[in-house]
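Breakdown of the fold
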Amino acid sequence: AQSVTQLDSHVSVSEGTPVLLRCNYSSSYSPSLFWYVQHPNKGLQLLLKYTSAATLVKGINGFEAEFKKSETSFHLTKPSAHMSDAAEYFCVVTDWGSGGGADGLTFGKGTHLIIQP
Amino acid sequence: DAMVIQNPRYQVTQFGKPVTLSCSQTLNHNVMYWYQQKSSQAPKLLFHYYDKDFNNEADTPDNFQSRRPNTSFCFLDIRSPGLGDAAMYLCATSRGGGGAKISDEQFFGPGTRLTVL
């Protein structure tokens, strides 16, 4: 079984300061991990994904995440926040070795990122 | 551009009146998913198709049905909408992997927001 915990429901930062959105996961097999962003009344857009290659993953819009197996974490960071980053962010896990259960993705509850001017 | 298209973007129906939401994709992906997303919550998987193979989540109400007449199209039918079914409905696709039902990165449509009066 797989699960995801996003440790903060809301994060507020000032424009130009670093962003850290925290995510911990549990997985029985070899997980793939994703971060998706959702702007108001829009669908989800993939920011980045980890699929057992490099542990530091770079995504779009200056975001990156580091897969740390020992800590079962996949935190999302950005060096300098922009107003357009204000959105809902979802950490997502899927198990590649779960034996054929294409049962979609397991979502975290989301982190609402607020950017202060 | 290859994409996932959902129509309509906004749908209003009356309590108990059947409604159909549609999704089409130009990605030629094997797997299509339907998610329900209520306000300030993560998307919840309702069901998915791997090609023509339908997979229902255990807790998806019988009120929700789906059809996939061909690779490109997938429909969500709500037979008797209740007030609790008001939500954003997201369609997504993924490639799938050979003969194994493996979830990969998912590509999301913009969603259909359903209002039930």
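See the structure shown above.
Now for a look at the structure at hand.

Rules and cut-offs
Residues numbered from 1 in each chain as written. Chains lettered and ligands numbered in written order. Predicted model: local features only at pLDDT ≥ 70, side-chain atom pairs only at ≥ 80, totals over all residues. Heavy atoms only, no water. Helix = DSSP H or I, 4+ residues; strand = E, 2+ residues; numbered from the N terminus. Contact = heavy atoms within 4.5 Å. Phe/Tyr/Trp six-rings, centres within 6.5 Å; stacked < 30°, edge-to-face > 60°. Buried < 20%, exposed > 50% of the residue type's maximum accessible area, 1.4 Å probe, protein only. Pairing = 2+ DSSP bridges. Axes fitted to C-alpha atoms, helices over the stretch in contact; angles between N-to-C directions.

**Observations concerning the environment of T5(A)**
Tracing the backbone through its elements, the reader meets T5(A) in strand β1 (residues 3–6). Apart from residues no more than four positions distant in its own chain, T5(A) is found in contact with R22(A), C23(A) and N24(A).

**Some thoughts on the packing of aromatic side chains**
Using the criterion set out here, one finds 15 aromatic pairs over all chains in the structure. For the ring pair Y50(A) and F74(A), a centre distance of 6.4 Å and an interplane angle of 50 degrees mean the geometry is tilted. Of the two residues, Y50(A) sits in strand β6 (residues 44–50) while F74(A) sits in strand β9 (residues 73–78), which places them 24 residues apart along the sequence. Each ring, one from Y35(B) and one from F108(B), has its centre 5.6 Å from the other, and the planes form 40 degrees; the classification is tilted. Taken together, the positions of Y35(B) in strand β4 (residues 31–37) and F108(B) in strand β10 (residues 107–108) put the pair 73 residues apart, joining distant regions of the chain. Classification of Y35(B) by relative accessible area gives buried; the value is 0%. For F108(B), a relative accessible area of 11% corresponds to the buried category. Ring pairs connect the aromatic residues F34(A), Y36(A), F90(A), F107(A), Y33(B), Y35(B) and F108(B), which therefore count as one cluster.

**A closer look at unusual backbone geometry**
Working note: non-glycine residues mostly have negative phi, and peptide bonds are mostly trans. Residue and element names in this part refer to chain B. Along the chain, N7 connects to P8 via a cis peptide bond; the corresponding omega equals -10 degrees. You can see P8 is positioned in the loop between β1 (4–7) and β2 (10–13). Of note in this structure, N28 is not a glycine but carries a positive phi near 60 degrees. Here N28 lies in the loop between β3 (19–25) and β4. Of note in the backbone geometry, S40 takes a positive phi value of approximately 60 degrees without being a glycine.

**Comments concerning the pairing of β6(A)**
All names here are of chain A. Judged by how many residues are buried, β6 sits mostly within the fold: five of seven residues are covered. One ladder, built from six bridges, connects strand β5 (residues 31–38) with β6; its direction is antiparallel. Each residue of the ladder has a partner; that of Y36, found in β6, is L46. Between β5 and β6, which pair antiparallel and follow one another directly, the connecting turn spans five residues, one of which, N41, has a positive phi of 60 degrees.

**Here's the deal with the sheet that holds strand β7 (residues 64–67) of chain B**
Residue and element names in this part refer to chain B. Read across the open sheet, the four strands follow the order β1-β3-β8-β7; overall the sheet is antiparallel. In this open sheet, the two strands that pair with only one neighbour each are β1 and β7. Taken pair by pair, the neighbouring strands of this sheet meet at an average axis angle of 20 degrees, ignoring direction. In terms of strand pairing, β7 meets strand β8 (residues 73–78) through four bridges, oriented antiparallel. Within β8, the position partnered with F64 by the bridge is I78.

**Regarding the pairing of strand β10 (residues 87–95) of chain A**
Residues and elements named next belong to chain A. Among the nine residues that make up β10, nine are buried, leaving the element largely enclosed by the rest of the structure. Pairing between β5 and β10: eight bridges, direction antiparallel. Across the sheet, Y36 pairs through a bridge with F90, a residue of β10. Pairing of β10 with strand β12 (residues 111–116) involves three bridges; the strand directions are antiparallel. For E88, the partnering residue across the bridge sits in β12 and is H112. Note that β10 and strand β11 (residues 106–107) share two bridges and pair antiparallel. Following the sheet pairing, V93 is matched in β11 by T106.

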